[in-house]
Amino acid sequence: MPLTSACPTIDAPVAIAAAQAGKHILVEKPIAATLAEADRMIEAAEQSGVILMVAHNQRFLPVYQKAKEVIEDGKLGRIYLARADHNQSVRIGRDHWLWKKETAGGGAFIGSGIHRIDLLRWLVGEVLCVYHRQVLVPERFSDEVEAASVTVLEFDNGAIGELSCSWAAYGAAQAPWYELLLLYGTKGTLHNVGGLFIAVQDQQTKESFEAVPIPAGDSFVNEIRHFGECLIHHKEPLTSGREARKTLAVAVAAYESQMRNAPVAVHHPQ
């Protein structure tokens, strides 16, 4: 049986023990609370020859898989600007581990924004630098971890992006406030409000709008199926430990940016 976990501070010791016992591992996002813990998990899995996958399920959402196809088909051209939002109204007991930085590693940004970071990395490219600001909203959430944040991202292809996250948003369960994706390219624009749509311009400078059909499917079913296929065929998961570490590195740089009130470069091992 694979390991599944949800709390980043317990992922590392349990995952390492599972790897040493020869068990394949599936952990919830983020892979860990720190890069050092992520590195230990990756090393343990590789030394034991087991598969380590992180449950970044947004790569398995049909709408975003279709967006990936649109990008790879060149319909948007070169992406130069990206925007992603994540909004929730989180209501949990005061004794929950999500309220505490020691157990959660942070708030809305690392807890849910990490999904959007991973998605933007997958769709746009590697993040080179971030500038991150966040706020506490103790009236609605915690007085220890952020309830909301805004992050500016610079990508390796020259694109820039903005990520907005909130765990204290009224109406978050209703579209379009839950999650928004906007991608601006040299040939077209894509958004996911009420479906998946692209706007393009033909040679006569006439703009047209196209609804992109989205296949049926559940991201969690797709994610678990992918994990099973990786076990059967001995292949690296789309959201492997090393891939998830790159996503965590963006979050770590963002929290450093908050402390320094300055842009911070994202560092990945060579």
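This section reports on the structure supplied with the text. (Residues numbered from 1 in each chain as written. Predicted model: local features only at pLDDT ≥ 70, side-chain atom pairs only at ≥ 80, totals over all residues. Heavy atoms only, no water.)

Below, the discussion takes up the environment of H86. You can see H86 is positioned in strand β3 (residues 79-87). Separated by 30 residues in the primary sequence, H86 and R116 place their C-alpha atoms 7.5 Å from one another. Excluding residues that lie within four positions of it along the chain, H86 makes contacts with S112, R116, S164, C165, S166, W167, Y178 and E179. A polar contact is formed between the side chain of H86 and the side chain of S112, at a distance of 3.3 Å. (Helix = DSSP H or I, 4+ residues; strand = E, 2+ residues; numbered from the N terminus. Contact = heavy atoms within 4.5 Å. Polar contact = N/O pair within 3.5 Å; in protein donor to acceptor, adjacent residues only side chain to side chain.)

Next up on the list: the pattern of salt bridges. Per the stated rule, a full pass over the model turns up 14 salt bridges. One salt bridge in this structure joins E69 and K66, with 3.2 Å as the shortest N-O distance. Separated by three residues within a single helix, E69 and K66 lie in helix α3 (residues 62-72), roughly one turn from each other. In this structure E69 comes out as partly exposed when scored by relative accessible area, which is 39%. Where K68 meets E72, a salt bridge forms, and the shortest distance between an N and an O atom there is 3.7 Å. Taken together, the positions of K68 and E72, both in helix α3 and four residues apart, correspond to about one turn of that helix. Residue classification places K68 among the buried residues on the basis of a relative accessible area of 16%. Linked by salt bridges that have partners in common, R59, D118, R121, E126 and E243 make up one network. (Salt bridge = Lys/Arg side-chain N within 4 Å of Asp/Glu carboxyl O. Buried < 20%, exposed > 50% of the residue type's maximum accessible area, 1.4 Å probe, protein only.)

Below, the discussion takes up the layout of surface pockets. The calculated volume of the largest pocket comes to roughly 440 Å³. Lining the largest pocket are 25 residues; nearest its centre among them are E28, K29, G111, S112 and H115. Residues that form the lining of the largest pocket fall into these classes: 13 nonpolar, nine polar and three charged. (1 Å grid on protein atoms, 1.4 Å probe; cavity = no way out; pocket = protein on both sides within 12 Å on 5 of 7 lines; lining within 4 Å. Points joined across faces, edges and corners; volume = space filled by probe spheres on them. Nonpolar A, V, L, I, M, F, W, Y, C, P; charged D, E, K, R; others polar.)

So, about the packing of aromatic side chains. With the rule as written, the count across this model stands at two aromatic pairs. Taken together, a centroid distance of 5.7 Å and an interplanar angle of 85° make the contact between F109 and Y255 edge-to-face. Taken together, the positions of F109 in helix α5 (residues 108-123) and Y255 in helix α7 (residues 241-260) put the pair 146 residues apart, joining distant regions of the chain. Both residues of the pair, F109 and Y255, belong to the buried class. With a centroid separation of 5.3 Å and 65° between ring planes, the pair formed by F141 and W167 is classed as edge-to-face. Here F141 is found in the loop between β4 (127-135) and β5 (148-155), whereas its partner W167 is found in the loop between β6 (160-166) and β7 (179-185), with 26 residues between them in sequence. Taking the ring centre of Y170 as reference, the NZ or CZ of R140 above it sits at 4.0 Å. (Phe/Tyr/Trp six-rings, centres within 6.5 Å; stacked < 30°, edge-to-face > 60°. Lys NZ or Arg CZ within 6 Å of the ring centre and 35° of its normal.)

Our focus in this paragraph is the packing of α3 against α5. Close contact between α3 and α5 brings their axes to 10 Å; oriented N to C, the two are set at 25°. Of the possible angle classes, the one that applies to α3 and α5 is roughly parallel. Note on packing geometry: the crossing formed by α3 with α5 is right-handed. Side by side, α3 and α5 meet where Y64, Q65, A67, K68 and I71 of the first sit next to R116, L119, W122 and L123 of the second. The residue makeup of the contact of α3 with α5, split by class, is six nonpolar, one polar and two charged. (Axes fitted to C-alpha atoms, helices over the stretch in contact; angles between N-to-C directions. Parallel < 35°, antiparallel > 145°, perpendicular 65-115°, else oblique. Left-handed = near helix turned anticlockwise from the far one by under 90°.)

Turning to the nonpolar core, a few remarks are in order. Membership of the largest hydrophobic core comes to 69 residues, with the highest contact counts inside it found for I31, M41, V124, L183 and L190. For this core, the element with the highest residue contribution is α5, accounting for nine residues. Excluding residues within four positions of it along the chain, I31 makes contact with D11, A38, M41, I42, L52, V54, G241, A244, R245 and L248. Membership of the second largest hydrophobic core comes to seven residues, among which are L26, M53, A55 and F227. (Core = buried A, V, L, I, M, F, W, Y, C linked by side-chain atoms within 4.5 Å.)

On to unusual backbone geometry, then. In this model, K29 is joined to P30 through a cis peptide bond whose omega is -15°. Locating P30 in the fold gives a position in the loop between β1 (25-28) and α2 (35-48). Backbone geometry places H234, a non-glycine residue, at a positive phi of 55°. Note that H234 resides in the loop between α6 (219-233) and α7.

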